[in-house]
Amino acid sequence: MMRQFELVERVKSYDPDADEDMLNRAYVYAMRMHGSQKRASGDPYFSHPIEVAGILTGYKLDTASIVTALLHDIVEDTHASLDDVRKLFGEEVARLVDGVTKLARIQIQNIETKQAENFRKFVLAMSEDIRVLLVKLADRLHNMRTLHFIKDPAKRRTIAMETMEIYAPLAERIGMQEVKTELEDLAFSELHGEARTSIMTRLKFLELHGGDLVVKIMDELDQNIRKAGVLGYISGREKTPYSIWRKMQVKDVSFEQLADIMAFRVMVDTVEDCYRVLGIIHSAYPMVPGKFKDYLSTPKRNGYRSIHTTIIGPQRHRIEIQIRTHQMHEIAELGVAAHWRYKTADLFAEGARAVEGRQYSWLRELLDILEHAQNPQEFLEHTKLEMFHDQVFCFTPKGDLIALPRGASLVDFAYAVHTEVGNTCVGAKVNGRIVPLRTRLENGDQVEIVTSSAQKPAPEWEGFVVTGKARAHIRRRFRTEARTEYVKLGREILEKTFAKEGYELTEKGLSAAADKLDADTNEDLIARVGEGRLVGREVLIAVYPGARTAGDDKVVNLNQARLRHSAEASEAIPIKGLTAGMAMHLSDCCHPLPGDRIVGIATEGKGVEVHTIDCEQLEAFTDTPDRWLDLAWDLDRAKEAHVGRINLVVENAQGALGALATVIARNSGNITNLKFTKRSAEFFEIAVDIEVLGVKHLTNIIAALRATPAINSVERARG
Ligand code: MN
């Protein structure tokens, strides 16, 4: 375990301005808080944060990162709180510790490969500050180095899987090749220990029999390059067991060929030298077609730059060679952590241009920041990993991760879980709190959807869902619902029409009418009546051609029509079980209220428009008496709030509007809309929509308003 002064000295060696006092305090605090806690290895727990801090000094990270490493398990595993950390070490460290703590709370269970990318994005999105991710990766690296101490094999496996699927790829994504390779190798030995052992054995065997083949090949390459006058450093290495194993799986071959187990690298000073070395090698040895890759002119999306080629090299062995500059090499091995050691702007300008226009724009941002940052601290502070702006990542109660577009609501979430969950959702808990369905999700939200078999998708959901899936399902369900309502309404209309004229409605009669009127089925015919595309009389005459109906008497004026429909008709269709907004529409002109005498107008394709019997808009329907339907309120509906409209003339005087609002409120009315229709020096004319229980309620409000001094006149809107 690294001693306190050693740690401080290491940091001071690359950062003379490091906050020595804070480092010392953090070291002591971590030791004190973790106290007698033990690791699975039997070591004192505080050896872990100290090792993690040690790993990060290898990347020459700033004081805040090192202190965060020392404190990273404090909040989760000791009784210290984030506030304590803030008080003792300041806002910056507290923010970083909080970030690492949040990442630790992500319980990733049963990683499926298709979910892994989502988890990786989630970890990145949660990291926000790149230092959080760097501490997390170092933490994982140390945990993997000590994984074998954990006794429970299932637990070891879960951690190894998570490392393989999430953390090693993340290390690669931010360009930390060295960390990625070690994480992979450690996970590999846990997950496929036997495969790893046999590969190692085979490598030893080849080494014994091939002798110092690597050295011989390196020598020959070196001579060729020197002859051409280029100064280069050559290294040869065996590939890692995991990369050999993967290659064997993909290609289904054994690793007899050296190309599969050995890699050589030539490192030079400049980009020009890279291409010169390539020329030297390609003219000395035949290249293997299809293996050449130039990541110098086209870097990988993680910023990796190098030339790869495979040749039939010295002693006729197939070998792979990578050519790159020293700087590129360091960046490839250390990733973003290495970037800020180079402050030469031109290097980064080059890199920034090279990744321009790529899918992973966050890397471009990173490089942009690198280019403009004056010093490491500034770089780290500005490197907010604000990637995946366009997505939010949320969890189901079981811990499954759901990725949704930003702005997604709980209904989107419900549909993403399952279509039925979407169709029947009535409410939800987010992080344990009940919230409305329209609530927008935030990163890391834990969401529990409450469903009810009685629920149906509501048309207003369409106003706040953002995913295509949710929208499509809501529309589909709405269409089905509407159809059911149209059929119900159509049947009511037909029954009343037939009964009124003394005829009987039979399925057989309907079939005959369906034939004549070109409907596929009886239900189609009925639905058409409900939709207002056919009127009841047309069906009646199709069944009984000689039938005489009320519609035969042409209505001459509105009053006659009104009279005909204002009697308390037993034939009236109750607005019952029909959802307003689907087959029935309460019209916007007269705002019918429970208690009003009403009449329905069958409107083609829309079902029935409901008007008050004295609505002025009815004039337009006097020449189509067949479309008029007798309607009656269903008593149950009277319990719901309805919107009524009144027109007022109010004096343009101080307090007049206040009086208006007060009177309405005092009478338990709720103003939902208010519009000035005319304005003069003396008067306002105002239309007010009020939520009321029925016509009596509205009448009471009107009476109260009429008794108010500043209000000159009050009328119910008549369309
Ligand atoms: Mn830890």
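Computed from a predicted model, the values in this text were never measured in an experiment.

Asker: Hey, could you run me through the overall build of the chain in this one?
Answerer: The helix and strand tally for the chain stands at 28 helices and 19 strands. Of all intrachain contacts in the chain linking residues separated by at least 6 positions in sequence, the fraction that spans at least 24 positions is 66%. Total accessible area on the chain stands at roughly 34,200 Å², and carbon and sulfur atoms take up 49% of it.

Asker: Can you help me understand the coordination of the manganese ion in this one?
Answerer: Ideal geometry at a metal centre gives angles of 109.5 degrees when four donors are arranged tetrahedrally and 90 or 180 degrees when six donors are arranged octahedrally. Surrounding the manganese ion are the protein donor atoms His48 (NE2), His72 (NE2), Asp73 (OD) and Asp139 (OD), at 2.1 to 2.3 Å. Along the chain, the residues donating to the manganese ion are arranged with the sequence spacing H-x23-H-D-x65-D. You'll find His72 and Asp73 in the same group, each marked buried.

Asker: I tried to follow a nonpolar patch on the surface on my own but got confused; where do I start?
Answerer: A surface patch of nonpolar side chains, about 210 Å² in accessible area, is lined by Leu657, Leu674 and Phe676. Mapped onto the elements, Phe676 comes out in strand 17 (residues 670–679).

Asker: What's the story with the pairing of strand 5 (residues 318–325) in this structure? I'm lost.
Answerer: Strand 5 sits mainly inside the fold: seven of its eight residues count as buried. As paired elements, strand 4 (residues 307–312) and strand 5 share six bridges and run antiparallel to each other. Within the sheet, the bridge partner assigned to Thr309 lies in strand 5 and is Ile321. What sits between strand 4 and strand 5 in their antiparallel hairpin is a turn of five residues, with Gln315 showing a positive phi close to 55 degrees.

Asker: Just to check I follow, could you spell out the packing of helix 8 (residues 130–145) against helix 9 (residues 153–173) for this structure?
Answerer: For any two helices packed against each other, the geometry is given by the interaxial angle and the distance between the axes. The N-to-C vectors of helix 8 and helix 9 enclose an angle of 140 degrees; their axes lie 11 Å apart at closest approach. With respect to their mutual orientation, helix 8 and helix 9 come out oblique. The two elements helix 8 and helix 9 meet at a crossing, and its hand is left-handed. Here helix 8 contributes Leu133, Lys136, Leu137, Arg140 and Met144 to the contact with helix 9, which in turn contributes Ile159, Ala160, Glu162, Thr163, Tyr167, Leu170 and Ala171.

Asker: Honestly, helix 24 (residues 522–531) in this entry has me stumped. Any pointers?
Answerer: In an α-helix, one turn spans 3.6 residues, which is why side chains three or four residues apart end up on the same side. Buried residues dominate helix 24, accounting for eight of its 10 residues. For helix 24, every residue scored as buried is listed here: Asn522, Leu525, Ile526, Ala527, Arg528, Val529, Gly530 and Glu531. Where helix 24 is buried, its residues contact helix 22 (468–500), helix 23 (507–516), helix 25 (536–543), strand 13 (598–603) and strand 14 (607–612). Two residues or fewer past helix 24, Gly532 is found with a positive phi of approximately 85 degrees.

Asker: Would you take a moment to explain helix 2 (residues 20–34) for this structure?
Answerer: Along its 15 residues, helix 2 runs 21 Å from first to last C-alpha, staying within 8% of the 21 Å computed at 1.5 Å per residue. For helix 2, the complete set of buried residues consists of Met22, Leu23, Ala26, Tyr27, Tyr29, Ala30, Met33 and His34. The positive-phi residue at the C-terminal boundary of helix 2 is Gly35, with phi of around 45 degrees.

Asker: Looking at this model, I keep getting lost on the pairing of strand 15 (residues 628–633). Mind explaining?
Answerer: Side-chain direction in a regular strand flips from residue to residue, so the side chains alternate between the two faces of the sheet. When you tally the buried positions in strand 15, you get six out of six residues, the bulk of the element. Residue alternation in strand 15 divides its side chains into two sets, Trp628, Asp630 and Ala632 and Leu629, Leu631 and Trp633, and both sets are buried. Pairing analysis gives three bridges linking strand 11 (residues 573–575) to strand 15, with the strands arranged parallel. Residue pairing across strands places Ile573 opposite Leu631, the latter belonging to strand 15. Inspection of the sheet shows strand 13 paired to strand 15 by three bridges, in the antiparallel sense. Each bridged residue has a counterpart across the sheet, and for Val599 the counterpart in strand 15 is Asp630.

Asker: How should the nonpolar core be read in this particular structure?
Answerer: One recurring pattern in soluble globular proteins is that nonpolar side chains are buried together. Within the largest apolar cluster, 69 residues are counted, with the highest numbers of intra-cluster contacts made by Leu71, Val85, Phe89 and Val93. Of all the elements, helix 8 adds the most residues to this core, at nine residues. Both domains that meet at this core, namely domain 1 (4–194) and domain 2 (207–356), each give it at least three residues. The contacts of Phe89, once residues within four sequence positions are left out, are Met22, Arg25, Ala26, Tyr29, Val67 and Leu71. In terms of nonpolar packing, the next biggest core, distinct from the first, is built from 32 residues, Leu489, Leu525, Met584 and Ala602 among them.

Asker: Help me understand the pattern of salt bridges in this model?
Answerer: Side-chain pairs of opposite charge can arise whenever the charged atoms involved come near each other. All told, the structure shown has 22 salt bridges when counted by the stated rule. With a closest N to O distance of 2.9 Å, Asp62 and Arg131 form a salt bridge. With Asp62 in the loop between helix 3 (47–57) and helix 4 (63–71) and Arg131 in helix 8, this pair connects stretches of sequence that are 69 residues apart. Arg131 carries the same exposure label as Asp62, and that label is buried. Here the salt bridges share partners, and the residues they tie into one network are Asp62, Glu92 and Arg131.

Asker: When you look at the sheet that holds strand 16 (residues 642–651) in this model, what are you seeing that I'm missing?
Answerer: Across a sheet, strands are paired by hydrogen bonds formed along the backbone, either parallel or antiparallel in direction. Taken in spatial order, the four strands make up an open sheet running 17-18-16-19, and their pairing is antiparallel. In the strand order of this sheet, the two ends are held by strand 17 and strand 19 (711–716), each with one partner. Within the sheet, the average angular offset between the axes of one strand and its neighbour, ignoring direction, is 25 degrees. Note: strand 16 against strand 18 (residues 683–692), 10 bridges, orientation antiparallel. Across the sheet, residue Leu648 finds its bridge partner in strand 18, namely Ile686. The strands touched by helix 27 (residues 656–666) are strand 16, strand 17, strand 18 and strand 19; relative to strand 18, the strand with the most contacts, the crossing angle is about 20 degrees. Seen against the sheet, helix 28 (residues 695–706) touches strand 16, strand 18 and strand 19 and runs at an angle of roughly 165 degrees to strand 19.

Asker: Looking at this model, I keep getting lost on the confidence of the model for the chain. Mind explaining?
Answerer: Of the residues in the chain, 82% have a pLDDT of 70 or more, and the chain-wide mean is 80. Here residues 339–388 is modelled with pLDDT under 50, and outside its nearest four sequence neighbours on either side it reaches 98 contacts, counting other chains as well.

Asker: Honestly, the packing of aromatic side chains in this entry has me stumped. Any pointers?
Answerer: Each aromatic ring pair is characterised by the separation of its centres together with the angle its planes make. Throughout the structure, instances matching the rule amount to seven aromatic pairs. The aromatic ring of Tyr45 is capped on one face by Arg39, whose charged end is 5.8 Å from the ring centroid. Over the face of the ring belonging to Phe676 we find Arg679, whose NZ or CZ atom lies 4.7 Å from the ring centre.

Asker: Looking at this structure, I do not really get the packing of helix 1 (residues 4–14) against helix 2. What am I missing?
Answerer: Viewed as axis vectors pointing N to C, helix 1 and helix 2 meet at an angle of 145 degrees, and their least axial separation amounts to 10 Å. Viewed along their axes, helix 1 and helix 2 form a crossing whose handedness is right-handed. On the side of helix 1, the interface is formed by Gln4, Leu7, Val8, Val11 and Lys12, while helix 2 contributes Glu20, Leu23, Asn24, Tyr27 and Val28. For the contact of helix 1 with helix 2, the residue count by class is six nonpolar, two polar and two charged.

Asker: Sorry if this is basic, but what is going on with the sheet that holds strand 8 (residues 425–430) here?
Answerer: Here we have three strands laid out as an open sheet, ordered 9-8-10, and antiparallel in their pairing. One side of each edge strand has no neighbouring strand; the edge strands of this open sheet are strand 9 (433–435) and strand 10 (447–451). Taken over all neighbouring pairs, the strand axes of this sheet differ in orientation by 35 degrees on average, direction set aside. Pairing of strand 8 with strand 9 involves three bridges; the strand directions are antiparallel. Within strand 9, the residue paired with Ala428 across the bridge is Val435. Helix 20 (residues 410–417) contacts strand 8, strand 9 and strand 10 of the sheet and is inclined by roughly 85 degrees relative to strand 10.

Asker: Could you clarify how one ought to interpret the side chain of Thr467 in this entry?
Answerer: By the element assignment, Thr467 lies in the loop between strand 10 and helix 22. Taking relative accessible area as the criterion, Thr467 reaches 13% and is therefore assigned buried.

Asker: Explain unusual backbone geometry to me, please; I cannot follow it from the model alone.
Answerer: The phi angle of most residues is negative, glycine excepted, and most peptide bonds adopt the trans form. Unlike most non-glycine residues, His591 shows phi in positive territory, near 45 degrees. Its location among the elements puts His591 in the loop between strand 12 (584–586) and strand 13. Positive phi, close to 60 degrees, is recorded for Ser668, a residue that is not glycine.

Rules behind the numbers
Residues numbered from 1 in each chain as written. Predicted model: local features only at pLDDT ≥ 70, side-chain atom pairs only at ≥ 80, totals over all residues. Heavy atoms only, no water. Helix = DSSP H or I, 4+ residues; strand = E, 2+ residues; numbered from the N terminus. Contact = heavy atoms within 4.5 Å. Areas by Shrake-Rupley, 256 points an atom, 1.4 Å probe, with all protein chains shown as cover. Donors = N, O, S within 2.8 Å, 3.2 Å for Na, K, Ca; no water. Buried < 20%, exposed > 50% of the residue type's maximum accessible area, 1.4 Å probe, protein only. Patch = residues over 30% accessible without salt bridge, like charges linked within 9 Å, V, L, I, M, F, W, Y side chains within 5 Å. Salt bridge = Lys/Arg side-chain N within 4 Å of Asp/Glu carboxyl O. Pairing = 2+ DSSP bridges. Axes fitted to C-alpha atoms, helices over the stretch in contact; angles between N-to-C directions. Parallel < 35°, antiparallel > 145°, perpendicular 65-115°, else oblique. Left-handed = near helix turned anticlockwise from the far one by under 90°. Expected span 1.5 Å × (residues − 1). Core = buried A, V, L, I, M, F, W, Y, C linked by side-chain atoms within 4.5 Å. Domains from an automatic or database assignment. pLDDT = per-residue confidence, 0-100. Phe/Tyr/Trp six-rings, centres within 6.5 Å; stacked < 30°, edge-to-face > 60°. Lys NZ or Arg CZ within 6 Å of the ring centre and 35° of its normal. Nonpolar A, V, L, I, M, F, W, Y, C, P; charged D, E, K, R; others polar.

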